[in-house]
Amino acid sequence: MGLENLMSDALICLDLQVDDKTGAIHELADLMEADQRLKSKRKYIKAVMKREAESTTGIGMGVAIPHGKSKGVREPSLAFGRSQAGIAYDSLDGKPVNLMFLIAVPESSNDTHLKILSQLSRKLMHEEVRQKLLQMQTKDELYEILGDEG
Amino acid sequence: MKRIVAITSCSTGIAHTYMAAEALEVAAKEIGHEIKVETQGSIGAENVLSKEDIEQADAVVIAASTTVDKSRFKGKRLLEVDVNEAIQDGESLLERSFDAPIYQKGSDTGEKVNSEKQGKEGKSSFQEVYSHLMTGVSYMIPFVVAGGLLIALSFAFGGINAEGELASSLKELGDIAMTLMWPALGGYVAFSIASRPGLVPGMVAGMLASSMDAGFLGSMVGGFLAGYTIVILRKWIRLPKNFSGLLPILILPLLSVLISGLIFIYVIGGPLIALNDGLTGWLNGLTGINSILLGLILGGMMAIDLAGPIGKAAYFFGVASLTNLSQGEVSTVMAAVMVAGMVPPLAMALSSTIIGKDRYTLEQREAGKSAWVLGFSFISEGAIPFAVADPIRVLPSVTVGAAITGALSMLFGTGIAVPHGGFFVFFIPGAVEGVLLYVLALAVGVAVSGILVTVLKKPIHTSVETDSRVQ
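Residues numbered from 1 in each chain as written. Chains lettered and ligands numbered in written order. Predicted model: local features only at pLDDT ≥ 70, side-chain atom pairs only at ≥ 80, totals over all residues. Heavy atoms only, no water.

A tally of regular secondary structure across chain B gives 18 helices and seven strands. A compact globule built from 471 residues should have a C-alpha radius of gyration of about 23 Å, and chain B, at 24 Å, falls within 12% of that. With respect to the three principal axes, the spread of C-alpha positions in chain B is 65 × 65 × 40 Å. Looking at chain B as a whole, 51% of its 471 residues qualify as buried. For chain B, restricting intrachain contacts to residue pairs at least 6 apart in sequence, the fraction spanning at least 24 positions comes to 71%. Working note: accessible area of chain B is about 21,000 Å², and carbon and sulfur atoms make up 65% of it. (Helix = DSSP H or I, 4+ residues; strand = E, 2+ residues; numbered from the N terminus. Rg over C-alpha atoms; globule rule 2.2 N^0.38 Å. Buried < 20%, exposed > 50% of the residue type's maximum accessible area, 1.4 Å probe, protein only. Contact = heavy atoms within 4.5 Å. Areas by Shrake-Rupley, 256 points an atom, 1.4 Å probe, with all protein chains shown as cover.)

Here it is as structure tokens:
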């Protein structure tokens with residue numbers, strides 16, 4: 001689904017070290033910054049936190065999708081972090097988060113990228129997709145799992 | 001199967017909008033309904049609902065954390081919740097939407113945040129109780145259908161004692177399904193009131209009612225007791241944060257079963273058993289003119305609002321009579337209710353596709369074709385397209401026929417072992433007692449209604465018909 005436009009191996013972390021929400025968001029944002037995808041990490045994080053303050057993006061089922069739309073973003077990006085131990089995230093169902101997708105969208109973004117993100121969001125609602133993400137061994141598998149049509 | 005239309009929307013329009021849409025689509029598939037979801041995200045509106053979509057929908061769900069324009073949905077059952085609720089629990093959301101209040105334009109202006117709560121408070125307590133009951137019954141009915149038919153088949157194969165290996169296996173399956181209808185009723189009444197935690201005490205109460213012989217009434221009241229017990233417990237129990245995880249897994253199940261179960265056994269069980277016995281005795285004792293009168297009234301009720309609240313009340317009554325039977329018996333009341341409910345769509349089909357074609361538009365004649373199928377399947381709603389177009393002539397006509405059919409069914413003493421299935425259960429051996437007379441009762445009612453409505457309606461002029469064809 002054109003995921004490679006949004007992410008690269010550099011934006012994937014299969015074993016997040018932190019166990020709290022803010023720490024995890026920062027860790028993934030660091031990956032984005034290192035990959036030249038942000039103009040201003042500070043501005044971007046601010047947008048993400050503002051969105052979190054409205055309501056948590058920990059949607060339950062071990063999934064969180066913090067996201068922010070900000071001038072501090074250079075190009076639309078998606079970072080993925082996984083934590084087998086779980087991250088404390090004040091999710092809707094109160095459970096820790098194992099799968100985290102950090103989404104960065106510039107102030108003006110074209111629809112193609114938004115479409116890709118909307119398809120990603122839909123996929124995450126399926127139990128078998130979440131299971132595969134929890135069990136995958138390599139970064140390549142991520143593209144396969146999320147690229148599956150259906 | 002029902003049709004639902006939905007709109008999802010969230011503040012940034014990037015992720016939640018689509019997750020909610022997907023969750024609703026998955027949930028609808030899961031429980032066998034049809035859904036179309038319009039997503040209002042940052043890409044703009046996609047999969048936009050057409051006028052026809054909205055017209056055909058039984059309910060509207062709006063799952064949004066932004067303000068959504070609702071003017072399109074005037075006159076529809078509309079449930080509005082936060083976008084997260086759709087992601088979390090799509091199924092119960094969809095179930096609840098069928099009993100949501102009807103949206104009136106201008107009834108809310110911009111107040112969005114707590115509209116779900118307001119909607120609930122706005123509902124009269126009667127409507128609320130009624131919607132919980134409907135949820136319970138709708139979950140129970142498939143059990144009764146499966147169980148009733150299997151038991152009927154076992155008698156057909158193995159005689160009244162279900163002798164023989166196949167027959168006794170069928171009987172065992174049927175018995176299990178029949179036994180499970182009580183926990184299904186109690187459990188899902190409580191589920192409707194208190195969502196997931198209600199299921200355990202509700203099912204226990206339903207089972208308890210069954211073992212205490214408190215029947216339909218008992219399971220129903222037990223379900224309400226269990227559901228409201230959870231509501232009260234949730235209000236009163238305050239735990240330190242570290243222990244809050246224990247609430248759903250240990251404390252609520254234990255306390256709710258304990259409290260509602262003991263109240264049921266020691267307080268309300270006795271009166272309920274008496275009431276249930278009384279009702280059963282009264283039904284069984286009903287003979288002659290009284291039973292015909294009952295058939296007449298129930299039959300009329302089945303048609304007068306086409307599966308609306310009045311029809312549902314008559315239907316519940318039929319189901320209740322069925323569940324109080326001992327095994328191998330059939331219910332005359334259920335038989336009258338079902339066959340009467342088949343009259344409206346069949347009568348309209350008869351009138352619009354055979355005897356009074358010139359009185360209907362092309363679209364209506366098409367609707368008439370599907371009304372045949374819906375009627376034979378005992379889906380009274382098949383007559384709705386006609387009733388909406390011309391209620392003054394259609395509703396009285398079908399009510400008269402349905403009442404006659406109901407009365408005839410009681411007069412003939414025909415009985416049935418299942419609560420649904422329409423014409424298709426006629427052919428299953430043992431499911432219907434007196435099947436030929438049953439068909440006769442149906443045919444008479446359909447003919448009366450069909451002729452009545454044809455006479456009342458005037459032929460439409462060709463020009464009008466061409467117009468409607470152009471549209």
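The helix and strand inventory of chain A stands at five helices and six strands. Secondary structure elements of chain A occur, N-terminal to C-terminal, as β-α-α-β-β-β-β-β-α-α-α. In terms of overall size, chain A behaves like a compact globule, its C-alpha atoms giving a radius of gyration of 14 Å where 150 residues would be expected to give roughly 15 Å. Along the three orthogonal principal directions, the C-alpha set of chain A runs to about 35 × 30 × 25 Å. Within chain A, the fraction of its 150 residues that count as buried is 55%. For chain A, restricting intrachain contacts to residue pairs at least 6 apart in sequence, the fraction spanning at least 24 positions comes to 69%. A total accessible area of about 6,700 Å² is found for chain A, and carbon and sulfur atoms account for 48% of it.

Next up on the list: unusual backbone geometry. In this model, Gln-36 of chain A sits at a positive phi of 65 degrees, which is unusual for a non-glycine residue. With respect to the secondary-structure elements, Gln-36 of chain A resides in the loop between helix 1 (21–34) and helix 2 (41–54). Take Gln-36 of chain A: its relative accessible area is 53%, and that puts it in the exposed class. One non-glycine residue, Asn-47 of chain B, lies in positive phi territory at about 55 degrees. Relative to the helices and strands, Asn-47 of chain B resides in the loop between strand 3 (44–46) and helix 2 (51–56).

Before going further, it helps to examine the interface of chain B and chain A. If you look at the interface, chain B gives 19 residues, while chain A gives 24 residues. Taken together, both faces of the contact between chain B and chain A bury some 1,900 Å²; the carbon and sulfur share is 63%. The three residues of chain B that bury the most area against chain A are Ile-14, Met-19 and Ile-43 of chain B, which together make up 30% of that side's buried surface. At the surface where chain B touches chain A, the tally comes to two salt bridges. The closest approach of N and O atoms between Glu-25 of chain B and Arg-122 of chain A, which form a salt bridge, is 3.1 Å. Linking chain B with chain A are four residue pairs in polar contact (both at pLDDT 80 or more). Residue composition of the side of chain B that touches chain A, by class: nine nonpolar, seven polar and three charged. (Buried area = accessible area lost by both parts, 1.4 Å probe. Salt bridge = Lys/Arg side-chain N within 4 Å of Asp/Glu carboxyl O. Polar contact = N/O pair within 3.5 Å; in protein donor to acceptor, adjacent residues only side chain to side chain. Nonpolar A, V, L, I, M, F, W, Y, C, P; charged D, E, K, R; others polar.)

To continue, consider the packing of aromatic side chains. Residues and elements named next belong to chain B. The tally for this structure, following the rule as stated, stands at eleven aromatic pairs over all chains. Ring centres of Tyr-139 and Tyr-188 lie 3.7 Å apart, and the angle between their planes is 10 degrees; this geometry places the pair in the stacked category. Here the residue Tyr-139 occupies a position in helix 6 (residues 125–158), and Tyr-188 occupies one in helix 7 (residues 165–194), the gap between them amounting to 49 residues. On the accessibility criterion, Tyr-188 (18% relative accessible area) is buried. Ring centres of Phe-376 and Phe-423 lie 4.8 Å apart, and the angle between their planes is 50 degrees; this geometry places the pair in the tilted category. Here Phe-423 lies in the loop between strand 6 (415–416) and strand 7 (432–433) and Phe-376 lies in helix 14 (residues 362–376), a separation of 47 residues in the sequence. Residue class for Phe-423 comes out partly exposed when judged on its relative accessible area of 23%. Ring pairing ties together the aromatic residues Trp-372, Phe-376, Phe-423, Phe-426, Phe-427 and Tyr-438, which thus form one cluster. Its guanidinium or amino end placed over the ring of Phe-98, Lys-2 lies 4.5 Å from that ring's centre, counting from NZ or CZ. (Phe/Tyr/Trp six-rings, centres within 6.5 Å; stacked < 30°, edge-to-face > 60°. Lys NZ or Arg CZ within 6 Å of the ring centre and 35° of its normal.)

Residue and element names in this part refer to chain B. A maximum bend of about 30 degrees is found in helix 13 (residues 332–355) at Pro-344. Counting buried residues in helix 13 gives 21 out of 24 residues, a clear majority hidden from the surface. For helix 13, the capping residue at the N-terminal end is Ser-331, with a side-chain oxygen 3.3 Å from the backbone nitrogen of Val-333. (Bend = angle between axes of the 7 residues up to and from the residue.)

Let's shift gears to the packing of helix 13 of chain B against helix 14 of chain B. All names here are of chain B. Where helix 13 contacts helix 14, the axes come no closer than 7 Å and their chain directions differ by 145 degrees. Here helix 13 runs over helix 14; the crossing is left-handed. Contact with helix 13, carried on its side by Met-342, Pro-345, Leu-346, Ala-349, Leu-350, Ser-352, Thr-353 and Ile-354, involves Gln-364, Arg-365, Gly-368, Lys-369, Ala-371, Trp-372, Gly-375 and Phe-376 of helix 14 and no other residues of that element. Of the residues in the contact of helix 13 with helix 14, the class split is nine nonpolar, five polar and two charged. (Axes fitted to C-alpha atoms, helices over the stretch in contact; angles between N-to-C directions. Left-handed = near helix turned anticlockwise from the far one by under 90°.)

Here we take up the sheet that holds strand 2 (residues 34–41) of chain B. Residues and elements named next belong to chain B. Pairing within the open sheet is mixed, and its five strands lie in the order 3-2-1-4-5. The open sheet terminates on both sides in strands that have one partner only, identified here as strand 3 and strand 5 (78–81). Across the sheet, the mean angle separating the axes of adjacent strands is 15 degrees when strand polarity is ignored. Across the sheet, helix 1 (residues 16–30) is in contact with strand 1 (3–9), strand 2, strand 3 and strand 4 (59–64); its angle to strand 2 comes to roughly 180 degrees. (Pairing = 2+ DSSP bridges.)

For the rest of this paragraph, the subject is the domain arrangement of chain B. Residues and elements named next belong to chain B. Taken as a whole, chain B is organised into domain 1 (3–122), domain 2 (125–269) and domain 3 (288–470). Contacts between the two partners involve 21 residues from domain 2 and, on the opposite side, 20 residues from domain 3. Buried area between domain 2 and domain 3, both sides added, is near 1,600 Å², and the carbon and sulfur share of it is 81%. Considering only the side of domain 2, the residues that lose the most area to domain 3 are Tyr-130, Leu-149 and Phe-216, jointly responsible for 28% of the buried surface there. Counting the contacts that link domain 2 with domain 3 gives zero salt bridges. Counting the contacts that link domain 2 with domain 3 gives zero residue pairs in polar contact (both at pLDDT 80 or more). Mapped onto the side of domain 2 that touches domain 3, the elements with two or more residues apiece are helix 6, helix 7 and helix 9 (215–236). (Domains from an automatic or database assignment.)

Residue and element names in this part refer to chain A. On the surface, Lys-39, Arg-42, Lys-43, Lys-46, Lys-50, Lys-71 and Arg-74 cluster together into a positively charged patch. Within the element layout of this structure, Lys-50 appears in helix 2. According to the relative accessible area criterion, Lys-50 is exposed, its value standing at 61%. (Patch = residues over 30% accessible without salt bridge, like charges linked within 9 Å, V, L, I, M, F, W, Y side chains within 5 Å. Lys, Arg positive; Asp, Glu negative; His and termini not counted. Charge placed at Lys NZ, Arg CZ, Asp CG, Glu CD.)

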